[in-house]
Amino acid sequence: MLDMFFSPNAQWVLFSALTLGVAAGMVGCLAYWKRQSLMSDALSHAALPGVIVAFMIIGTKHLPLMILGAAVSALIGAWLIQWIQSNSRVKEDTAMGIILSVFFGFGIMMLTVVSRSAGGNQSGLDSFIFGQAASMVRTDVYTMLAVAIIIIFTIVIGFKEWKLFLFDVNFAKGLGMSSRLMSTIYLLMLVLVIVIGIQAVGVILMAALLIIPAVSAYYWTHSFKAMLVLSALFGGVSGVAGTVISTMGNGWPTGPFIVLSASVLFLASFLVGARKGMLVKAIQFKIQQRQHALEGGRQS
Amino acid sequence: MSVLAVRDLSASYHKNKVLYDVDFEINQGSLTGIVGPNGAGKSTLLKVMLDLHPKLSGSVVFFGKNLSQTKTRIGYVPQRGSVDWDFPTNALDVVLMGLYGKIGWFKWPSKKDKALAMASLEKMGMADYANRQISQLSGGQQQRVFLARALVQDADLYFMDEPLVGVDAATESAIMETLKQLKENGKTVMVVHHDLLTVEEYFDHVMLLNKTIVKHGRTDETFTKENVQATYGGALRWMKEA
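What this report covers is the structure whose coordinates are included nearby. Keep in mind that what you see is a predicted model, and the values were worked out from it rather than measured. (Residues numbered from 1 in each chain as written. Chains lettered and ligands numbered in written order. Predicted model: local features only at pLDDT ≥ 70, side-chain atom pairs only at ≥ 80, totals over all residues. Heavy atoms only, no water.)

Quick look at the overall build of chain B
Within chain B one finds 10 helices and nine strands. What you see for chain B is a C-alpha radius of gyration of 18 Å, in line with the 18 Å of a compact globule of 242 residues. Dimensions of chain B, computed from C-alpha atoms along their principal axes, come out at roughly 55 × 40 × 35 Å. Considering only contacts in chain B between residues 6 or more positions apart, those separated by 24 or more positions represent 67%. Roughly 10,800 Å² of accessible area belongs to chain B as shown, and the carbon and sulfur atoms make up 47% of that amount. Distance between charge centres in chain B, computed from 28 positive and 27 negative side chains, equals 5 Å. (Helix = DSSP H or I, 4+ residues; strand = E, 2+ residues; numbered from the N terminus. Rg over C-alpha atoms; globule rule 2.2 N^0.38 Å. Contact = heavy atoms within 4.5 Å. Areas by Shrake-Rupley, 256 points an atom, 1.4 Å probe, with all protein chains shown as cover. Lys, Arg positive; Asp, Glu negative; His and termini not counted. Charge placed at Lys NZ, Arg CZ, Asp CG, Glu CD.)

Structural notes on the packing of helix α2 (residues 37-58) of chain A against helix α4 (residues 92-117) of chain A
Residues and elements named next belong to chain A. Where α2 contacts α4, the two axes come as close as 8 Å, and the packing angle between them is 25°. Put simply, α2 runs roughly parallel to α4. Every pair of crossing elements has a handedness; the one defined by α2 and α4 is left-handed. Contacts between α2 and α4 involve Leu-38, Met-39, Asp-41, Ala-42, His-45, Ala-46, Leu-48, Pro-49, Ile-52, Val-53, Phe-55 and Met-56 from the former and Met-96, Leu-100, Phe-103, Phe-104, Phe-106, Gly-107, Ile-108, Met-110, Leu-111 and Val-114 from the latter. Across the contact of α2 with α4, the residue classes tally to 19 nonpolar, two polar and one charged. (Axes fitted to C-alpha atoms, helices over the stretch in contact; angles between N-to-C directions. Parallel < 35°, antiparallel > 145°, perpendicular 65-115°, else oblique. Left-handed = near helix turned anticlockwise from the far one by under 90°. Nonpolar A, V, L, I, M, F, W, Y, C, P; charged D, E, K, R; others polar.)

A short note on the interface of chain A and chain B
As a measure of interface size, the accessible area lost when the parts come together is often cited. Contacts between the two partners involve 27 residues from chain A, matched on the other side by 31 residues from chain B. Summed over both partners, the interface of chain A with chain B buries about 2,600 Å², with 67% contributed by carbon and sulfur atoms. Among the residues of chain A in contact with chain B, A:Lys160, A:Phe167 and A:Phe171 are the three that bury the most area, contributing 31% of the side total. Counting across the chain A and chain B interface gives three salt bridges. Across the pair A:Asp168 and B:Arg149 runs a salt bridge whose closest N-O atoms are separated by 2.7 Å. Joining chain A to chain B, the criterion identifies 10 residue pairs in polar contact (both at pLDDT 80 or more). (Buried area = accessible area lost by both parts, 1.4 Å probe. Salt bridge = Lys/Arg side-chain N within 4 Å of Asp/Glu carboxyl O. Polar contact = N/O pair within 3.5 Å; in protein donor to acceptor, adjacent residues only side chain to side chain.)

Overview of the sheet that holds strand β1 (residues 2-13) of chain B
Residues and elements named next belong to chain B. Taken in spatial order, the three strands line up as β2-β1-β4 in an open sheet, and their pairing is antiparallel. Single-partner strands in this sheet number two, and they are β2 (16-27) and β4 (57-62). Going from strand to strand, the sheet's axes swing by 15° on average, the running direction of each strand aside. Taken together, the five bridges between β1 and β4 define a ladder with antiparallel strand orientation. (Pairing = 2+ DSSP bridges.)

Re the side chain of B:Thr70
Residues and elements named next belong to chain B. Relative to the assigned elements, Thr-70 resides in helix α2 (residues 67-70). Judged by its relative accessible area of 1%, Thr-70 is buried. Dropping the residues within four chain positions of it, Thr-70 is found in contact with Phe-62, Phe-63 and Lys-65. (Buried < 20%, exposed > 50% of the residue type's maximum accessible area, 1.4 Å probe, protein only.)

So, the packing of aromatic side chains
All names here are of chain A. Under the counting rule described, the total for this entry stands at 18 aromatic pairs over all chains. Centre to centre, the rings of Phe-159 and Phe-224 are 5.8 Å apart; their planes meet at 20°, and the pair counts as stacked. Remark: Phe-224 occurs in helix α11 (residues 224-246) and Phe-159 occurs in helix α7 (residues 159-167); sequence separation between them is 65 residues. Here the two residues Phe-159 and Phe-224 agree in accessibility, since each one is buried. Their ring planes at 20° and their centres at 5.3 Å tell us that Trp-252 and Phe-257 sit as a pair that is stacked. (Phe/Tyr/Trp six-rings, centres within 6.5 Å; stacked < 30°, edge-to-face > 60°.)

Take a look at the structure:
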């Protein structure tokens with residue numbers, strides 16, 4: 001099993017899982033404070049039909065073009081969610097529910113059609129559902145790395161701007177920041193991190209890699225910078241751990257193991273997180289109780 | 001000298017027109033209270049003037065120029081409830097945000113910037129809380145942080161949306177003291193205010209608003225029983241008689 005660490009291809013796959021996790025952790029942090037955790041789930045499901053349609057048009061598995069297809073269909077999904085909200089009485093969560101299931105259902109339908117009609121070259125398409133990091137080839141890894149690095153860079157250089165935008169958008173506008181531009185960049189990053197992640201993690205579970213590291217990080221810190229770094233760290237560790245575990249069995253999907261690793265980190269944060277983990281809260285309460293008793297119920 | 005001239009301003013929320021025919025001028029060094037019933041469009045007026053909410057018609061001129069040319073001279077204090085105080089950051093960091101326009105986009109705040117922010121916190125009596133997580137501040141302290149953020153901008157014209165709501169008496173007098181100092185330094189301040197009992201004490205000018213301006217002028221001339229009743233409808237009992 002240790003062989004995998006020495007094969008250059010496996011090292012590339014691991015490295016890209018790490019970078020993907022870091023990028024997803026960081027974008028997830030933005031999504032968390034934009035109150036759009038669920039949006040990432042809707043968008044990742046909405047990416048599936050784009051992948052399949054792109055494959056049908058080009059007839060072979062060519063990742064950059066399939067990523068483009070995924071991005072287009074996720075953006076159409078995002079636009080439709082907005083459109084439904086502003087043109088009807090339907091609320092955001094319902095709109096997301098509709099788009100998520102309709103797009104995903106349509107994607108699965110297309111996948112079935114492709115599997116029936118095309119020859120052998122469509123094999124591996126279903127890895128987009130649960131993710132198969134091992135199915136990635138060198139060029140896939142390059143594409144993923146390039147996009148992930150652009151995302152990480154965009155968040156790092158605009159750190160101060162993202163913080164202001166997420167905390168107080170009206171004040172930001174008052175200072176002359178274009179909230180439309182920031183929202184557009186944010187949405188592009190969200191869609192990009194989803195589409196580069198779906199081959200490794202799969203459309204169903206991609207959202208977990210955006211949501212779980214961010215919320216776990218929130219249990220540890222009072223600072224946005226630290227939350228961003230921790231979320232990136234948790235995402236990266238989950239990506240690597242999940243990929244390693246999934247290579248232990250023949251044909252094990254990567255996505256579920258990445259999510260499982262992220263969940264273990266979440267559980268740990270939830271229990272012993274320094275800021276408001278359950279255990280810390282309980283201990284603080286016990287200390288207070290004891291002090292109260294010592295003081296005989298008087299005010300300290 | 002007029003620092004703000006608003007002409008024929010109107011705006012709507014969804015299907016309802018919330019502001020119409022709003023027309024006024026504000027002179028430099030005035031401290032104006034915007035007063036009116038719930039839904040009178042007080043907060044909307046501030047937002048429309050600052051382009052945070054679209055206007056249906058009208059024009060807004062700051063210092064003889066348009067908003068984009070004068071943004072650095074304008075300070076805005078949003079309602080405290082408009083942000084999520086669970087956001088992971090501390091008081092000093094929030095005040096620093098007031099300097100982001102001057103620091104420049106994509107640059108990091110310098111030590112000097114931090115010193116400026118710290119001095120501003122100190123002015124609001126909040127120096128001891130600089131590193132406190134903002135969710136652990138009381139409502140009054142959060143409001144002081146917002147004021148400190150506005151002060152550090154060193155603007156010439158300030159808009160404040162209900163800065164006195166939900167704060168304790170000490171904070172209220174600290175905030176009013178700050179506003180008076182701003183006025184003494186030649187700054188102009190407009191404040192959305194809800195407490196009719198303190199209008200005369202706090203503001204030299206008052207704008208009585210109910211979707212349009214009922215009356216606007218010096219407080220001693222404008223804040224009369226007739227005008228206030230015209231703004232709120234007949235249901236209001238004039239407190240001076242009580």
